[in-house]
Amino acid sequence: MTSGSGPSMKWSRRSVLKGAGLGVAAAAAAPLLAACGSSGGSGGGSASGSSKKVIIGSFQDPAMAPFRDKYVKQYQQETGVQVQYSETSYDAWYQACKSDGLNKTGAYDIYVMDDNWVPEFAAGGIVQNLDKLGLKVNPDILSKGLDQGYWPPKEGARLKAFKNDTPALYSLVIIDDVNLLYYDTRHFSSPPETWDDIYTAMKKKAHPPQLYGWSARGVKGNPVVQTYLPLLNSYGGNFVNDDWSPGFAGPEGVAALERLLTFLPYMAASTPEFDTDQETSLMLQGKCMALTEYTGTAVTEIDNPSDSKVVGKINMATTPKQVKNGPAIGTFICGIASGSPNTDGAVKFLEWFTSDRIQTQFAREGGSAAVTKTALNDPQAVQKYRWLPAIAQSVQLSTPKPRTPDEPKFEDILGTQLNLALVQALQQKGGYDQIAQKYLNVAKGQMQAVLEQNKNIYF
Amino acid sequence: MAVTTAPVRPSEPGRRPDAGRRAGLDRALPWLLLLPAAITLGLVSVYPIYAGVHASLTTYLYGRPVAGAGLKNYTDTWHDPVFWQAMEVTLKFVLIAVTVETVLGLGLALLVANVVRGARWIRMSILAPMTVAPVVVGVIWRLIYESETGFVNPMFTSLGLGAPNVLSHEGSAFFGLVLVDVWEWTPLLFLICLAGLQSIPQEPLEAAAVDGAGPVRLFFNHTLPLLLPVLAVGVVLRLIDAVGTFDQIFVLTRGGPGTATQLISIYAYNTAFNFTDYGHGAAMLIALLAFAFLLVLVALSLMRRAAKRVAQ
């Protein structure tokens with residue numbers, strides 16, 4: 001017996017179910033669709049009515065803690081100017097400040113940005129030209145760090161529309177974050193100079209899982225690209241060439257990836273799932289001979305007894321060279337919002353924070369990655385924080401990433417294939433040159449397709 | 001000239017003079033009462049869809065809408081191999097996860113339906129995973145799967161099976177995510193099936209039992225057909241929800257290794273918000289919406305056919 005299954009009842013139930021199902025589907029998809037459609041909507045926060053107040057927005061990051069907790073207050077005390085600081089997650093802040101700048105809402109004066117936002121923010125008029133605002137740049141700021149704020153870039157490939165423009169400063173570096181080599185002094189008496197030196201040492205000493213020879217971020221996208229870039233640059237390859245063609249699938253790029261793959265037998269078998277936390281935890285437990293990572297690990301973790309079993313045992317140096325040194329750079333950088341209600345105040349604050357006095361204090365009190373040469377080599381600071389000279393040297397030897405708003409897409413393409421190369425190399429345990437060539441060729445093809453699709457922007 | 005006049009109807013006994021106006025008001029009242037809900041629905045559901053469709057027909061440059069795109073974003077999506085790869089992963093994920101959840105949810109409901117002692121506690125413990133926020137579920141399972149500190153690797157190693165490193169391989173990562181979804185959402189189907197089982201009239205079941213039907217025949221010939229309408233609602237809800245799965249995958253794998261766990265939701269998010277290609281991202285989400293509609297229609301049609309076959 002099928003109770004309630006008469007024709008009219010069945011039709012009614014079906015139509016109700018169908019209607020409800022489609023309605024719920026529509027409602028479920030609505031928020032994401034709305035988010036896409038409202039990219040030009042208004043940002044959060046309220047506009048300042050006071051011309052004295054400076055409003056700074058940022059993403060959350062441990063490296064920003066001293067800036068937020070100390071220097072914002074210190075500026076208020078020294079100048080009497082009120083500074084309002086707010087922060088949110090990285091993704092949320094990127095959307096919020098972009099929306100604020102596109103609409104000139106005026107909710108913020110200063111945006112703390114990741115340096116790969118500069119092309120989009122400068123080209124899109126989201127941040128203002130600091131040269132035109134009369135910002136006086138401290139001449140002691142390391143030039144490679146400062147260059148991250150110029151648009152169009154001083155070196156490398158340029159978008160077609162900006163080919164002949166004179167570079168102008170659109171953002172000012174506040175933290176010189178750069179790749180460093182971290183090595184355990186119990187296994188290396190001096191910093192290894194080349195990638196081959198590291199390989200030789202790990203072959204001799206590593207015995208996983210008690211002691212890994214190397215640790216790396218392997219997750220697809222940005223993390224594994226950050227692992228690969230210091231190798232690629234040092235082997236003489238380029239992420240993109242000056243004509244935008246992918247520069248990683250040539251012999252240099254293949255050799256660089258092959259070298260990374262040869263480290264795999266001495267690395268954790270789960271490297272393809274490693275991000276920074278897993279990568280650095282091996283070093284903090286004393287289970288890893290060396291790795292490359294940004295400066296935050298040195299500043300906040302390595303010598304912190306509550307996090308680290310290797311206090312005082314890890315040293316830092318510039319990432320190894322093969323034909324040259326090639327650390328990747330990823331600065332924290334500040335732009336002044338297109339709708340800033342207090343541009344004068346914002347300019348003064350940035351000049352103050354990047355001044356010699358404050359930068360030296362920034363380095364001395366906490367060992368932060370200051371942006372001036374003097375601060376990073378200040379004897380008093382260096383005595384306490386041994387990584388500072390390595391930061392100064394690495395910034396000047398660094399290679400920037402491609403300066404285009406499509407850089408995250410290029411990273412995703414390359415990062416997906418690098419991740420797959422790691423997975424296959426772990427399974428295959430050999431034939432690394434072929435694996436490297438295969439996956440880099442796939443990435444090259446996909447990147448060329450993106451360039452072709454957007455050829456009106458690039459060529 | 002003869003003048004004809006319409007016959008005047010005698011006034012109905014007891015009818016008041018303003019009865020016509022009252023009748024009009026009575027007719028309008030339901031619509032008026034629906035108005036606030038309709039406006040709210042329009043604002044929170046229809047407008048976002050409109051905004052999404054509009055975005056999908058727009059070209060953006062450096063975050064600004066610069067021109068109409070016509071159907072370019074849709075043709076780009078159609079010719080994007082990564083989109084189709086993501087579609088395939090999404091379809092596989094949804095079908096496997098929802099099938100397992102339905103079978104397990106129904107099985108658990110049948111087991112628990114007749115439990116008398118401790119039934120409340122059993123139900124509560126089964127329902128617990130559903131109450132955890134998806135992003136927290138992602139974090140919990142990341143800690144479980146974590147190769148260095150999680151307990152999956154040591155468990156397998158102690159059994160002599162070797163560390164599986166779940167999230168490091170394409171196949172195991174995919175099924176690892178299916179397992180997370182099953183863990184979280186089987187309780188929903190359990191709850192729906194349990195409610196359905198408790199509302200089934202007992203007389204036909206008792207009559208069939210008296211006629212000698214065994215438990216298996218009783219289930220397939222009587223319980224399941226009576227339960228199908230309720231089950232259909234549960235399956236449809238889960239299908240729609242599973243198509244848009246995002247949080248757990250974002251926390252656990254971000255779509256990797258490679259593209260093994262890259263569902264459309266993850267790819268569209270990256271396209272729109274990481275690659276700032278809003279138009280293309282919106283076109284993908286419209287395609288996802290159409291895909292969800294299609295899945296719902298197919299699921300309903302299949303269940304209706306099954307109900308018919310069982311009824312015969």
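Just so you know, these numbers come straight off a predicted model, no measurement behind them.

### Looking at the overall build of chain B
Across its full length, chain B holds 12 helices and 2 strands. Traced from its N-terminal end to its C-terminal end, chain B shows the element sequence α-β-β-α-α-α-α-α-α-α-α-α-α-α. For chain B, the C-alpha radius of gyration of 27 Å lies well beyond 20 Å, the compact-globule estimate for 312 residues. With the C-alpha coordinates aligned to their principal axes, the bounding extent of chain B is approximately 110 × 75 × 35 Å. When each of the 312 residues of chain B is scored for burial, the buried share is 37%.

### A closer look at the domain arrangement of chain A
Residues and elements named next belong to chain A. With domains assigned, chain A is organised as domain 1 (54–177 + 329–397) and domain 2 (180–328 + 402–458). One C-alpha centre belongs to domain 1, the other to domain 2; they are set 27 Å apart. Facing 25 residues of domain 1, the contacting portion of domain 2 comprises 26 residues. Broken down by secondary-structure element, the contributors of at least two residues to the side of domain 1 that touches domain 2 are helix 4 (118–123) and helix 15 (388–397).

### Details of the packing of helix 8 (residues 202–210) of chain B against helix 9 (residues 215–243) of chain B
Residues and elements named next belong to chain B. Where helix 8 meets helix 9, the closest approach of the two axes is 10 Å, and the angle between their N-to-C directions is 150°. By the angle between their axes, helix 8 is roughly antiparallel relative to helix 9. Crossing hand, helix 8 versus helix 9: right-handed. Where helix 8 approaches helix 9, its residues P204, L205, A208 and A209 are matched on the opposing element by L218, H222 and T223. Within the contact of helix 8 with helix 9, the residues separate by chemical class into 5 nonpolar, 2 polar and no charged.

### Points about the sheet that holds strand 10 (residues 332–336) of chain A
All names here are of chain A. The strand order across the open sheet formed by 5 strands is 2-1-3-10-6, and the pairing between neighbours is mixed. Two strands in the sheet have a free side with no partner beyond their single neighbour: strand 2 (83–88) and strand 6 (171–175). Neighbouring strand axes in the sheet, compared pairwise and without regard to direction, differ in orientation by 25° on average. Relative to strand 10, strand 6 runs antiparallel, the two being bridged by 4 bridges. Counted as the bridge partner of S171 is G335 from strand 10. Sheet strands in contact with helix 3 (residues 90–102) are strand 1 (54–59), strand 2 and strand 3 (110–114), and its direction is about 135° off that of strand 1. Along the sheet face, helix 11 (residues 343–353) touches strand 1, strand 2, strand 3, strand 6 and strand 10 and points at about 155° away from the line of strand 10.

### Let's talk about the nonpolar core
Membership of the largest hydrophobic core comes to 134 residues, with the highest contact counts inside it found for A:I110, A:W214, A:Y228, A:I391 and A:A421. Per element, the largest residue contribution to this core is 10 residues, and it comes from helix 16 (residues 407–428) of chain A. Dropping the residues within four chain positions of it, A:A421 is found in contact with A:L257, A:L261, A:I435, A:A436 and A:Y439. Counting 63 residues, the second-largest nonpolar core is a separate cluster that includes B:L189, B:F190, B:L239 and B:L288.

### A few points about the pairing of strand 10 of chain A
Residues and elements named next belong to chain A. For strand 10, the tally of buried residues reaches 5 of 5 residues, placing the bulk of the element in the interior. Residue alternation in strand 10 divides its side chains into two sets, F332, C334 and I336 and I333 and G335, and both sets are buried. Here strand 3 runs beside strand 10; their pairing, made up of 5 bridges, is antiparallel. Bridged to Y111 within strand 10 is G335.

### Here we look at the domain arrangement of chain B
All names here are of chain B. When its domains are assigned, chain B resolves into domain 1 (19–56) and domain 2 (80–311). The straight-line distance from the C-alpha centre of domain 1 to that of domain 2 is 34 Å. Listed by partner, the interface residues are 4 residues for domain 1 and 6 residues for domain 2. Residues that form the side of domain 1 that touches domain 2 fall into these classes: 2 nonpolar, 2 polar and no charged.

### Digging into helix 8 (residues 251–263) of chain A
The periodicity of an α-helix, 3.6 residues per turn, causes residues three or four positions apart to be oriented the same way. Residue and element names in this part refer to chain A. Here helix 8 spans 19 Å end to end across 13 residues, near enough to the 18 Å set by a 1.5 Å rise per residue. Every buried residue of helix 8 is listed here: E252, G253, V254, A256, L257, E258, R259, L260, L261 and F263. Those residues of helix 8 that are buried lie in contact with helix 6 (195–205), helix 7 (222–234), helix 16 and helix 17 (432–453).

Cut-offs and rules
- One numbering rule holds for all chains: residues counted from 1, following each sequence as written.
- Chains carry letters and ligands carry numbers; both start at the beginning, A for chains and 1 for ligands, and go up in the order they are written.
- Local features in a predicted model are, by the rule used here, given only for residues with pLDDT of at least 70; side-chain atom pairs are given and counted only at 80 or more, and totals for whole chains, interfaces and linings are based on all residues.
- Strands here mean DSSP runs of E at least two residues long; helices mean DSSP runs of H or I at least four residues long; both are numbered from the N terminus.
- Radius of gyration here is computed from C-alpha atoms only, and the compact-globule reference equals 2.2 Å multiplied by the residue count raised to the power 0.38.
- Buried means a residue has 20 or more other C-beta atoms within 10 Å of its own C-beta, exposed means 12 or fewer, and partly exposed covers the counts in between; C-beta atoms are placed from the backbone.
- An automatic or database domain assignment provides the domain bounds reported here.
- We call two residues in contact when their backbone-placed C-beta atoms lie within 7 Å.
- Axis lines are fitted to C-alpha atoms, over the contacting stretch for helices. Their N-to-C directions set the angle, which ranges from 0 to 180 degrees.
- For this classification, under 35 degrees means roughly parallel, over 145 means roughly antiparallel, 65 to 115 means roughly perpendicular, and everything else is oblique.
- Handedness of a helix crossing follows the sense of rotation of the near helix relative to the far helix, less than a right angle counterclockwise being left-handed and clockwise being right-handed.
- Any residue that is not Ala, Val, Leu, Ile, Met, Phe, Trp, Tyr, Cys, Pro, Asp, Glu, Lys or Arg is counted as polar, Gly included; the first ten are nonpolar and the last four charged.
- One requirement defines pairing of two strands: DSSP has to find at least two bridges between them.
- Any set of buried Ala, Val, Leu, Ile, Met, Phe, Trp, Tyr and Cys residues joined through C-beta atoms within 7 Å is what this text calls a nonpolar core.
- Multiplying 1.5 Å by the helix residue count minus one yields the expected span of that helix.

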